[in-house]
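Letter by letter, the chains look like this.
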Amino acid sequence: MSTHLGAAPGQIAPYVLMPGDPYRARWIAETFLEDPVQYNDVRGMLGFTGTYRGVRVSAQGSGMGQPSMAIYAQELFQDFDVEAIVRVGTCGGLSETVSVRDVILGVSASTDSAMNVPRFGQVSFAPTADFTLARLAAEVAEERLLPVTAGGLFSSDQFYSPDTEITETLAGYGVLGVEMETAALYTLAAQFSRRALALCTVSDHLLTGEKTSSQERQETFEDMIVVALESIVR
Ligand code: HPA
């Protein structure tokens, strides 16, 4: 057991899919994993372990925002020896090069969070995806003709941001989407010498105002989970 995860040693698999929403973790486990067993309900942050194509995989909610993601990612790496975490989430589109329903493969995560200040002081660390996982996910998506665009994410501390200019500036620098967790995940993977990747479906678009219906979100989410699982077992 760790402080926030009520699992026994060995109950969490070396590979973990992490949606923000704990109910999504349950849905992933029930839909894609064989013989899923729930190992956590502390604070309702559900976690399950099952198998996919014979490989043990867990699905664990992260909650919203970098502080919540950081608690679960650190405990998974530090206390349960997790090898790789793939975040499977949503983001807001920032760039004209992506549309709603596309999947963004986050190669990097810029952030407005101060979480890394105590680690690096004045240096602005560049949280980065694991190249092997990213390459595998891109390969799987291409083979399955799924629209995946690789590029930068912006991990913001604000969902309702009072500053709209910053997203325009970042889009001008090629950042594709805004979400709230990936920079912390990539930083912790680096700290613990483990692997991480974020795949985010574009659920709404900040430039065009487009939004997905819940049916569309469900379908794209399914495609993204398949990409994540197939990359893990490859
Ligand atoms: N901002 C932050 N996180 C998000 C957004 C957004 O617009 N859309 C989906 N996740």
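What comes next concerns the included structure. (Residues numbered from 1 in each chain as written. Predicted model: local features only at pLDDT ≥ 70, side-chain atom pairs only at ≥ 80, totals over all residues. Heavy atoms only, no water.)

1. A closer look at the site of the ligand
Test applied: Residue proximity to a molecule or strand is established when one non-hydrogen atom of the residue lies within 4 Å of it. Each polar contact in these results corresponds to two N or O atoms within 3.5 Å; when the atoms are within protein, one needs to be able to donate a hydrogen and the other to accept it, and residues that are neighboring in sequence are counted only if both atoms are side-chain atoms. Surface accessibility in these figures is a Shrake-Rupley result with a 1.4 Å probe; residues are shielded only by whichever protein chains are displayed. Secondary structure counts use DSSP, requiring at least four H or I residues in a row for a helix and at least two E residues in a row for a strand, with both numbered from the N terminus. Amino acids are sorted into nonpolar (Ala, Val, Leu, Ile, Met, Phe, Trp, Tyr, Cys and Pro), charged (Asp, Glu, Lys and Arg) and polar (every other residue, Gly among them).
Taken together, T90, C91, G92, F159, V178, E179, M180, S203, D204 and L206 make up the full set of residues near the ligand. Note that a nitrogen atom of the ligand is positioned 3.2 Å from one of the backbone N or O atoms of G92. A distance of 2.9 Å separates a nitrogen atom of the ligand from a polar side-chain atom of D204. In isolation the ligand exposes 260 Å². Once the protein is present, 88% of that is buried. Of all the secondary structure elements, the ones that give two or more residues to the shell around the ligand are β5 (84–93), β8 (175–179) and β9 (195–205). In terms of residue count, the dominant contributor to the shell around the ligand is β5 (three residues). Here the shell around the ligand is built from residues that sort into five nonpolar, three polar and two charged.

2. Some words on the environment of A73
Rules: When a residue's accessible area, from a 1.4 Å probe over protein chains only, is under 20% of the maximum for its type it is buried; when over 50% it is exposed; and in between it is partly exposed. For this analysis, residues touch if any pair of their heavy atoms sits within 4.5 Å.
Relative to the helices and strands, A73 resides in helix α2 (residues 66–80). Accessibility expressed as a relative area gives 0% for A73, which makes it buried. In the structure, A73 is positioned 57 residues away from V16 in sequence and 9.8 Å away in space, judged by C-alpha atoms. Other than its neighbours up to four places away in sequence, A73 contacts M18, I85, L185 and L188.

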